[in-house]
Amino acid sequence: MKFTFEKDDIPFIDKNLYIEFSKELRSIRKMIRKEYGPIDKTYSTVINFNSSNSIVTEAKEKIKLVKMSLPIYVMNAKTIDEIYQRNLNLSHECIHTITPSSDASKTTYLEEGLAVMFSEKYTNSDSMPPDKYNKARGYVLELLKHDETIIKKLRKKYIHLKLSDYTCEMIKEIIPTVDNVLLQNLTTRFY
Ligand SMILES: [Zn+2]
């Protein structure tokens, strides 16, 4: 994966931590491709670190750029707890880079829940996410019980659509037995 750091951050990045970070990112992306199919390769990724704890992934579709803003502790992770937190945050954000979108307001419970679920799968943990995220995770786990390859199938069938574009009908076409309440919940906008 090609990614760069924001210029201001470069002097503060330790070489060994950079190597660690890149390795982790590669392994996350590998698992994503295996579980959910290809990640949009036309985008370049810029990573920026901030001293607050904000974690955001935004895309500029016009210029094919994904900007991932992460707390500085993600880069400086050294202890087991810090490394766990880094892997959890990174793997969550990487889900939002599968099909980048400029419009975060369109993000559905399906995409957000998938991000939570995947980050826990990757780190083999229960992250005890806040209420809303917990709900989103629950909906996705419920969906995957019907067919754990559903995301890959949807992506293959609707190659030009984004994770948050899938409708109740599209999901139902692949899994006719999913109940309508769950479908409604999954396709509701998260923000
Ligand atoms: Zn998210």
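Note that the structure is a prediction, hence the values are computed from the model and not measured.

**Concerning the overall build of the protein**
Part 1 of the reasoning: Summing up its helical and strand segments, the protein has 8 helices and 4 strands in all.
Part 2 of the reasoning: From first element to last, N terminus to C terminus, the protein shows the α and β order β-α-β-β-β-α-α-α-α-α-α-α.
Part 3 of the reasoning: A globule of 191 residues ought to have a C-alpha radius of gyration of about 16 Å, and the protein, at 17 Å, matches this closely.
Part 4 of the reasoning: In terms of overall dimensions, the protein has a C-alpha envelope of 55 × 35 × 30 Å along the principal axes.
Part 5 of the reasoning: Put simply, the protein has 191 residues, and 30% of those count as buried.
Part 6 of the reasoning: For the protein, long-range pairs separated by at least 24 residues make up 61% of all intrachain contacts whose partners lie at least 6 apart in sequence.

**Digging into unusual backbone geometry**
Part 1 of the reasoning: Backbone geometry at Lys-64 places phi at a positive 55 degrees, although glycine is not the residue there.
Part 2 of the reasoning: Locating Lys-64 in the fold gives a position in the loop between β3 (56-60) and β4 (65-71).
Part 3 of the reasoning: The residue Met-128 is not glycine, and still its phi comes out positive at about 45 degrees.
Part 4 of the reasoning: By secondary structure assignment, the location of Met-128 is in the loop between α4 (109-123) and α5 (131-146).
Part 5 of the reasoning: What makes Met-128 exposed here is the crowd of 8 C-beta atoms within 10 Å.

**A closer look at the nonpolar core**
For soluble globular proteins, the rule of thumb is that nonpolar side chains tend to be buried together.
Part 1 of the reasoning: Within the largest apolar cluster, 36 residues are counted, with the highest numbers of intra-cluster contacts made by Leu-110, Leu-114 and Val-140.
Part 2 of the reasoning: Among the elements of the structure, α1 (15-36), β4, α3 (80-95), α4, α5, α6 (150-157) and α8 (180-187) are those that each provide at least two residues to this core.
Part 3 of the reasoning: Here this core takes 8 residues from α4, the largest share from any one element.
Part 4 of the reasoning: Each of domain 1 (1-85) and domain 2 (103-191) contributes no fewer than three residues to this core.
Part 5 of the reasoning: With residues near it in sequence (within four places) discarded, Leu-114 still touches Ile-95, Val-140, Ile-151 and Leu-163.

**Considering the domain arrangement of the protein**
Part 1 of the reasoning: Once the domains are mapped, the protein shows domain 1 (1-85) and domain 2 (103-191).
Part 2 of the reasoning: Distance from the C-alpha centre of domain 1 to the C-alpha centre of domain 2: 23 Å.
Part 3 of the reasoning: The interface is formed by 6 residues belonging to domain 1 together with 7 residues belonging to domain 2.
Part 4 of the reasoning: Considering each element in turn, the side of domain 1 that touches domain 2 owes the most residues, 3 residues, to α1.
Part 5 of the reasoning: By residue class, the composition of the side of domain 1 that touches domain 2 is 4 nonpolar, 1 polar and 1 charged.

**Brief notes about the packing of α5 against α8**
Part 1 of the reasoning: Where α5 contacts α8, the two axes come as close as 10 Å, and the packing angle between them is 130 degrees. Looking at the two axes, α5 sits oblique to α8. As α5 runs across α8, the sense of the crossing is left-handed. Contact residues: α5 offers Tyr-139, Glu-142 and Leu-143, while α8 offers Leu-182, Asn-185 and Leu-186.
Part 2 of the reasoning: Considering only residue class, the contact of α5 with α8 consists of 4 nonpolar, 1 polar and 1 charged.

Reading guide: rules and limits
Residues numbered from 1 in each chain as written. Predicted model: local features only at pLDDT ≥ 70, side-chain atom pairs only at ≥ 80, totals over all residues. Helix = DSSP H or I, 4+ residues; strand = E, 2+ residues; numbered from the N terminus. Rg over C-alpha atoms; globule rule 2.2 N^0.38 Å. Buried ≥ 20, exposed ≤ 12 C-beta atoms within 10 Å, placed from the backbone. Contact = placed C-beta atoms within 7 Å. Core = buried A, V, L, I, M, F, W, Y, C linked by C-beta atoms within 7 Å. Domains from an automatic or database assignment. Nonpolar A, V, L, I, M, F, W, Y, C, P; charged D, E, K, R; others polar. Axes fitted to C-alpha atoms, helices over the stretch in contact; angles between N-to-C directions. Parallel < 35°, antiparallel > 145°, perpendicular 65-115°, else oblique. Left-handed = near helix turned anticlockwise from the far one by under 90°.

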